[in-house]
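Chain residues, written in single-letter form:
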Amino acid sequence: MTFAGDMGGSALDSLAKALPPGALLTDPDLIEGYRFDRSNAAHAGKPVAVVRTTCTSDVQETLRWASANRIPVVPRGAGTGLAGGSLAVDGCVVLSTEKMRAITIDPPAGLAVVQPGALNAEVKASARAHGLWYPPDPSSFEICSIGGNVATNAGGLCCVKYGVTTDYVLGIEVVLADGRALRLGGRTIKDVAGYDLKRLFVGSEGTLGVVTEATLRLRPLPPPAVTMVATFADVGSAGRAISTIAAQGRPAALELMDQTSVQAVEARMHMGLEKQCGALLLGQSDAGGDRAAGEVEAMVAACQAEGALDVAWTDDESEGEQFMVARRMAIPAVEALGTVLIEDVGVPIPQIAELVRGVERVADRCETTIATIGHAGDGNFHPLVVFDRSDERAVERAERAFGEVMELALALGGTITGEHGVGSLKRPWLAQRVGDDVMAITRQIKSIFDPLGILNPGKAL
Ligand SMILES: Cc1cc2nc3c(=O)[nH]c(=O)nc-3n(C[C@H](O)[C@H](O)[C@H](O)COP(=O)(O)OP(=O)(O)OC[C@H]3O[C@@H](n4cnc5c(N)ncnc54)[C@H](O)[C@@H]3O)c2cc1C
């Protein structure tokens, strides 16, 4: 796909006129802040402008203008993506939804109607004010947007029991590359009228359209969680305990940290975590009362049966939350060790121990540090490949390790990404995961919605 490289100032003038005052940014210093995401990609393109949309019609104007001028558009929420999905491309307009933050809660219907720039945490807080809960909880929930969550089909800690973003999206409004706005799905819990195009857009990483509104299903707030922490001498025994726990029920969260990530968190947070343990497992039950106690007792027993070094549990919600904070802080803590390439592979539950051990072998082979954390109950792991960006050889070894971890997951019957998306970082491995026929059909679908290929080119497929 070739784009009109030199659009000239008059084309941007016509866009500025179609938008509210101040919506179009062309100052290079301001634009610089919209080029990268949190993937630690070394390169990103240079946008010609950023549009901070305030409503659906701003998005429509921007996309009509971009289609007329063949200008690539990179949709952007909060820029916390880890797969390079919102990295700018040369000559693009970055369409930022950061100003679209409205949230309306409808308690009788158990729904939230949300503009895409609202942060996940803002939706949770608004729902909570009505005794309701929006479950999907990426570790980045305080800093990532609902639009980004929908576009990546974000997961998180409680997904093992409550499902991922798509399970909560009842309806979306989405603007196509030609400026048409579609409403897909709606406000009903059940709806099988026509193909479920809404699900096609969830996880499409800004390549099919821009999400301008999401109608999200809410649940009643669960009882306070009971939290279990277990340490193991090695990840193999932790992996076996995870298999047992997953087979016997549905914890509200089941998270693993390996020794390197435990040590990184301890160095940053001084929480008294056991630095010499080979693995740390966190489990939660929010079943309430005796049922929660029973579920946690079963988790404790599974850990003890696999020779856990130490097992403790607490029904004090804030104490339990401190342990979950340790897990959520793992990425920032490991980032203190160097630049990090964040993996996101998934494997069937019985393959977890083999995956984690295999990652250790990759680290040895590639002479690089890899800290592994993961949503163990989903089999979704984030090996964090640490490297020194100023050392060319270290960069080469880290990139090799990044690829080898994906190859390992595929060999174990798994996937190259469980929740972060393909973005630009994982494109080279996508065909290996889904096959050539699926790739061809995916491209055909893309061309129906975005025939000029202006939406987030070079990402996701
Ligand atoms: C410390 C840390 C922890 C994290 N933990 C998790 C985790 O536990 N689980 C998880 O799933 N992710 C996690 N992430 C990754 C990231 O937060 C999620 O992918 C999140 O959904 C991205 O939201 P965003 O608003 O930052 O999107 P961005 O990074 O801005 O964009 C992500 C993708 O969505 C597209 N996009 C954004 N908004 C729209 C829109 N309105 N319409 C169409 N396309 C759009 C972009 O083009 C891009 O392809 C973590 C990130 C960090 C930094």
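Residues numbered from 1 in each chain as written. Predicted model: local features only at pLDDT ≥ 70, side-chain atom pairs only at ≥ 80, totals over all residues. Heavy atoms only, no water.

1. Structural notes on the overall build of the protein
Next up, step 1: Within the protein, the secondary structure is distributed over 16 helices and 19 strands.
Next up, step 2: Projecting the C-alpha coordinates of the protein onto the three principal axes gives extents of approximately 70 × 60 × 45 Å.
Next up, step 3: Looking at the protein as a whole, 56% of its 461 residues qualify as buried.
Next up, step 4: Pairs at least 24 apart in sequence give 72% of the contacts found in the protein among residues at least 6 apart.
Next up, step 5: Total accessible area on the protein is roughly 18,900 Å²; 51% of this is exposed by carbon and sulfur atoms.
Next up, step 6: Side-chain charges in the protein split into 41 positive and 56 negative, and the spacing between the mean points of these groups amounts to 5 Å. (Helix = DSSP H or I, 4+ residues; strand = E, 2+ residues; numbered from the N terminus. Buried < 20%, exposed > 50% of the residue type's maximum accessible area, 1.4 Å probe, protein only. Contact = heavy atoms within 4.5 Å. Areas by Shrake-Rupley, 256 points an atom, 1.4 Å probe, with all protein chains shown as cover. Lys, Arg positive; Asp, Glu negative; His and termini not counted. Charge placed at Lys NZ, Arg CZ, Asp CG, Glu CD.)

2. Some words on the nonpolar core
Next up, step 1: Among the nonpolar cores identified, the biggest contains 55 residues, and Phe232, Leu256, Leu281, Cys303 and Leu355 are the most heavily contacted of them.
Next up, step 2: Take this core: its biggest share by element is nine residues, from helix α14 (residues 392-411).
Next up, step 3: Structurally, this core is a two-domain feature, drawing no fewer than three residues from each of domain 1 (1-221) and domain 2 (226-411).
Next up, step 4: Filtering out sequence-adjacent residues up to four positions away, Cys303 remains in contact with Met228, Ala230, Phe232, Ala241, Ile245, Leu281, Ala308 and Val311.
Next up, step 5: By size, the runner-up hydrophobic cluster in this structure holds 27 residues, among which are Ala118, Val123, Ile146 and Val211. (Core = buried A, V, L, I, M, F, W, Y, C linked by side-chain atoms within 4.5 Å. Domains from an automatic or database assignment.)

3. Points about the layout of surface pockets
Next up, step 1: In this structure, the largest pocket occupies an estimated 980 Å³ of space.
Next up, step 2: As for the largest pocket, its lining consists of 48 residues, and the residues nearest its centre are Thr80, Gly81, Leu82, Ser140 and Cys144.
Next up, step 3: At the level of elements, β3 (73-76), α5 (146-152), β10 (210-217), α11 (317-328) and α12 (330-335) are the ones that each hand at least two residues to the lining of the largest pocket.
Next up, step 4: Counting residues per element, the lining of the largest pocket draws most heavily on α5, which supplies five residues.
Next up, step 5: Each residue belonging to the lining of the largest pocket can be placed in one class, and the counts come to 17 nonpolar, 23 polar and eight charged.
Next up, step 6: Two domains each put at least three residues into the lining of the largest pocket: domain 1 (1-221) and domain 2 (226-411). (1 Å grid on protein atoms, 1.4 Å probe; cavity = no way out; pocket = protein on both sides within 12 Å on 5 of 7 lines; lining within 4 Å. Points joined across faces, edges and corners; volume = space filled by probe spheres on them. Nonpolar A, V, L, I, M, F, W, Y, C, P; charged D, E, K, R; others polar.)

4. Brief notes about the site of the ligand
Next up, step 1: Contacts to the ligand come from 36 residues, most closely from Pro75, Thr80, Gly81, Ser140 and Ser145.
Next up, step 2: Thr80 is positioned such that a nitrogen or oxygen atom in its side chain is 2.6 Å from an oxygen atom of the ligand.
Next up, step 3: For the ligand, an oxygen atom lies 2.8 Å from a polar atom in the backbone of Gly81.
Next up, step 4: Its free accessible area being 970 Å², the ligand has 98% of it covered by the protein chains.
Next up, step 5: Given that more than half its atoms are within 2 Å of the pocket grid, the ligand belongs to the largest pocket.
Next up, step 6: The set of elements that each furnish at least two residues to the shell around the ligand consists of β3, α5 and β10.
Next up, step 7: For the shell around the ligand, the element with the highest residue contribution is α5, accounting for five residues. (Near = heavy atom within 4 Å. Polar contact = N/O pair within 3.5 Å; in protein donor to acceptor, adjacent residues only side chain to side chain. Sits in = over half its atoms within 2 Å of the grid points.)

5. Side note on unusual backbone geometry
Next up, step 1: In this model, Arg70 sits at a positive phi of 55°, which is unusual for a non-glycine residue.
Next up, step 2: Within the element layout of this structure, Arg70 appears in the loop between α3 (56-69) and β3.
Next up, step 3: Given a relative accessible area of 38%, Arg70 falls into the partly exposed group.
Next up, step 4: In this model, Glu205 sits at a positive phi of 55°, which is unusual for a non-glycine residue.
Next up, step 5: Relative to the assigned elements, Glu205 resides in the loop between α7 (197-201) and β10.

6. A word on the pairing of strand β12 (residues 226-232)
Next up, step 1: Burial analysis of β12 places seven of its seven residues in the buried class, which makes it a mostly covered element.
Next up, step 2: Burial along β12 is two-sided: Val226, Met228, Ala230 and Phe232 facing one way and Thr227, Val229 and Thr231 facing the other are all buried.
Next up, step 3: Across seven bridges, the pairing between β12 and strand β14 (residues 279-285) is antiparallel. Bridge pairing in β14 links Thr231 to Leu280.
Next up, step 4: Across five bridges, β12 lies against strand β15 (residues 310-314) in antiparallel orientation. Among the inter-strand pairings, Thr231 is bridged to a residue of β15, identified as Asp310. (Pairing = 2+ DSSP bridges.)

7. Focus on the sheet that holds β3
Next up, step 1: Strand order in the open sheet made by the four strands is β1-β2-β4-β3, with mixed pairing throughout. Pairing within the sheet leaves two strands with one partner each, and these edge strands are β1 (24-25) and β3.
Next up, step 2: Bridge count between strand β2 (residues 49-52) and strand β4 (residues 93-96): four bridges; the pairing is parallel. Among the inter-strand pairings, Val51 is bridged to a residue of β4, identified as Leu95.
Next up, step 3: Across the sheet, α3 touches β2, β3 and β4, and the angle it forms with β4 is around 165°. (Axes fitted to C-alpha atoms, helices over the stretch in contact; angles between N-to-C directions.)

8. A short note on empty space enclosed by the protein
Next up, step 1: According to the stated counting rule, one finds one cavity of 30 Å³ or more in the structure shown.
Next up, step 2: In terms of lining, the largest cavity is formed by Leu82, Ala83, Ile342, Asp344, Phe402, His420, Gly421, Leu425 and Lys426.
Next up, step 3: Looking at the lining of the largest cavity, its residues break down into five nonpolar, two polar and two charged.

9. Details of the domain arrangement of the protein
A common way to state how big an interface is: give the accessible area lost once the parts meet.
Next up, step 1: By the assigned domains, the protein splits into domain 1 (1-221) and domain 2 (226-411).
Next up, step 2: Computed from C-alpha atoms alone, the centre-to-centre distance between domain 1 and domain 2 is 30 Å.
Next up, step 3: In this assembly, 16 residues from domain 1 lie in contact with 21 residues from domain 2.
Next up, step 4: Surface buried jointly by domain 1 and domain 2 totals about 1,500 Å² across both partners, of which 49% is contributed by carbon and sulfur atoms.
Next up, step 5: On the domain 1 side of the contact with domain 2, Asn40, Leu157 and Val160 bury the most area, a combined 44% of that side's loss.
Next up, step 6: At the junction of domain 1 with domain 2, the criterion picks out two salt bridges.
Next up, step 7: Across the salt bridge formed by Arg38 and Glu335, the nearest N and O atoms sit 3.2 Å from each other.
Next up, step 8: Linking domain 1 to domain 2 there are six residue pairs in polar contact (both at pLDDT 80 or more).
Next up, step 9: No other element matches the four residues that helix α6 (residues 159-162) contributes to the side of domain 1 that touches domain 2.
Next up, step 10: Split into classes, the residues belonging to the side of domain 1 that touches domain 2 amount to ten nonpolar, four polar and two charged. (Buried area = accessible area lost by both parts, 1.4 Å probe. Salt bridge = Lys/Arg side-chain N within 4 Å of Asp/Glu carboxyl O.)

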